[in-house]
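What the coordinates show
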Amino acid sequence: MSTQSASTGHLQRRLGLAFGLAVGAGSVIGSGIMRAPGVITNEVPDPSIAMLLWFVGGLFILLSANITAELSTALPKAGGFYVPVREAFGDSMGLLAGWATFAGYTAGTAAVALACADFLGMIFPWAALHPQMLAASIALVVTALNWIGVQEGRLLQICGTILKLGLLSVVIVIAFIVGPAPVESTATAGTFVGGTITIVGIITALQLIYGAYDGWYSAMFFAEEDTDPGRNIPRAIFRSCWIVIAVYLALNLSMYIALDVATLRLSDLPVALVVERAFGSIGMTLVALLAALMAVVTLNALIMIMPRVLFGMASDGLFLHTATRVNRGGTPDIALLVSVVLTIGLIFSGGFVFVFKLMGALGIFVTVLYGAAFFTLRRSQPDLARPFRAIGYPVLPAIALLVSIALLGAFIFADPISGLYMLGLIAICIPVGIVLHRRRIAHRKNSLGTT
């Protein structure tokens, strides 16, 4: 593969609205939502309350999208959350936001690759024997496709997202048509109805729902490569949110119609129960194939996003400069190589589980920093060009920030260990960021002195 000069450091503007929608909705709606109805119901065994929590989660991402649409168009650079946080608070917080984002995506990529292998293992016995090897192979194939160029990854994302949304819609329609199972067909029917709903259970459910919605903002990572970011990125972000909210509410409602609460609480894959009732024993195979497809499309989005985070950090001197190299296909190939090597390491070590725990509170903390950066930049850079200006400023953005702060407090309350990890990473990033900033200032002074 011939490449452009490693010193170019310029991404190519090849993407548009269709890709923004596909990467936004396609990275969020994955195989995890097929398990989520049962997991959430186990925490909150009341369908009305559970549906309300899903609705609240949808409102929150719309409020957050209002902030993201402004920041990603005002600063249309690769890097996602990292870009405005560094612009507002400097290298230390930028470093924290960048590495937290990258670590979360790396762990997510490893987990999605393993999930894909697990679903294939439900169909093909040989696949179940070596899930880690299969997961790594799947990740490498998708990486190779993206190594060729941005257009190849773009086509897979768009076509795959259309296909999986279509198939998931069929599953939702089937659930509504099949209707509820006879009570006598479920031995444990009614066992859990009226179960206790606790504050911790609601917080845990909200945390899971927050995770299920996470990724709606994915289009912002590609703002530097969009042909018209000021117009396309806000449209992609908001429309992705509406698509995800509609699918999630419809799927959960269909599961509550087709299955009783007791069955949902006991099922790891409630969608399979519904499809099996419609198609018989082949139903599980169909669901496994759908889940594997959904995982591959999500995997492609994650593999495209990871190197953009490293590229953005490297462009600002917070990562190796070689990570800014872009090949002829428009892919930051060195950054992609680093990303996939770390991902495969997590796949074989199982370290992604630790990273997920580490990212529990840190992810929402970065969201808080991002919201705070919005207000900081409004004050410090009032003349910054803003192709999209947040609706209802300052009230709606303030509500989004306050909710993020409340979620951070609730998540730390439910999982104090994550809070300690968060404080540890902050303690590391602040001095490292200061050192890197001083080195960059010294380098600039030396460069000026020699000219």
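Keep in mind the model is a prediction, meaning the values are calculated, not measured.

1. Some remarks on the overall build of the chain
Tallying secondary structure elements over the chain gives 17 helices and zero strands in all. Against the compact-globule benchmark of 22 Å for 451 residues, the chain has a radius of gyration of 22 Å, which places it among compact chains. A total of 451 residues make up the chain; the buried ones form 53% of that total. Summarising the internal contacts of the chain: among those between residues at least 6 apart in sequence, 83% fall at separations of at least 24. Accessible area for the chain stands at about 18300 Å²; split by element, carbon and sulfur atoms hold 70% of it. The centroid of the 25 positive side-chain charges in the chain is displaced by 11 Å from the centroid of its 20 negative side-chain charges.

2. Considerations on the environment of Ala100
Its place among the elements puts Ala100 in helix α5 (residues 91-121). On the accessibility criterion, Ala100 (5% relative accessible area) is buried. Spatially, the C-alpha atoms of Ala100 and Val355 are 9.8 Å apart, while their sequence positions differ by 255 residues.

3. A short note on unusual backbone geometry
Geometrically, the link from Tyr393 to Pro394 is a cis peptide bond, its omega value of 0 degrees lying close to zero. Tracing the chain through its elements places Pro394 in the loop between α15 (352-380) and α16 (395-414).

4. Quick word on the confidence of the model for the chain
Taken as a whole, the chain shows an average pLDDT of 87; of its residues, 90% reach a score of 70 or greater. Ignoring residues within four places in sequence, the model shows residues 1-7, a span with pLDDT below 50, making 16 contacts including any to other chains. Ignoring residues within four places in sequence, the model shows residues 184-194, a span with pLDDT below 50, making 15 contacts including any to other chains.

5. Brief notes about helix α13 (residues 282-315)
Across its 34 residues, α13 extends 51 Å between first and last C-alpha, which sits within 8% of the 50 Å expected from 1.5 Å per residue. Of all 34 residues in α13, 26 are buried; the element is thus mostly enclosed.

6. Some points on the packing of helix α1 (residues 17-28) against α13
Between two packed helices, what matters for the description is the angle formed by their axes and the separation of those axes. With their axes 8 Å apart at the nearest point, α1 and α13 run at an angle of 115 degrees to one another. It follows that α1 is roughly perpendicular to α13 by the angle criterion. For the pair α1 and α13, the crossing hand works out as left-handed. Facing Phe19, Val23, Gly26 and Ser27 of α1, the residues of α13 in contact are Val297, Thr298, Ala301 and Met304. Considering only residue class, the contact of α1 with α13 consists of five nonpolar, three polar and no charged.

7. Concerning the pattern of salt bridges
Evaluated as defined, the whole model comprises six salt bridges. Here Glu70 makes a salt bridge to Arg378, at a shortest N to O gap of 2.8 Å. In this pair, Glu70 sits in helix α3 (residues 47-74) while Arg378 sits in helix α15, placing the two residues 308 residues apart along the sequence. Residue classification places Glu70 among the buried residues on the basis of a relative accessible area of 1%. Between Arg86 and Asp316 there is a salt bridge, with its nearest N and O atoms 3.8 Å apart. Note that Arg86 is positioned in helix α4 (residues 82-89) and Asp316 in the loop between α13 and α14 (333-349), a separation of 230 residues in sequence. Counted as one network, the salt bridges with shared partners bring together Glu70, Arg378 and Arg386.

How each quantity is defined
Residues numbered from 1 in each chain as written. Predicted model: local features only at pLDDT ≥ 70, side-chain atom pairs only at ≥ 80, totals over all residues. Heavy atoms only, no water. Helix = DSSP H or I, 4+ residues; strand = E, 2+ residues; numbered from the N terminus. Rg over C-alpha atoms; globule rule 2.2 N^0.38 Å. Buried < 20%, exposed > 50% of the residue type's maximum accessible area, 1.4 Å probe, protein only. Contact = heavy atoms within 4.5 Å. Areas by Shrake-Rupley, 256 points an atom, 1.4 Å probe, with all protein chains shown as cover. Lys, Arg positive; Asp, Glu negative; His and termini not counted. Charge placed at Lys NZ, Arg CZ, Asp CG, Glu CD. pLDDT = per-residue confidence, 0-100. Expected span 1.5 Å × (residues − 1). Axes fitted to C-alpha atoms, helices over the stretch in contact; angles between N-to-C directions. Parallel < 35°, antiparallel > 145°, perpendicular 65-115°, else oblique. Left-handed = near helix turned anticlockwise from the far one by under 90°. Nonpolar A, V, L, I, M, F, W, Y, C, P; charged D, E, K, R; others polar. Salt bridge = Lys/Arg side-chain N within 4 Å of Asp/Glu carboxyl O.

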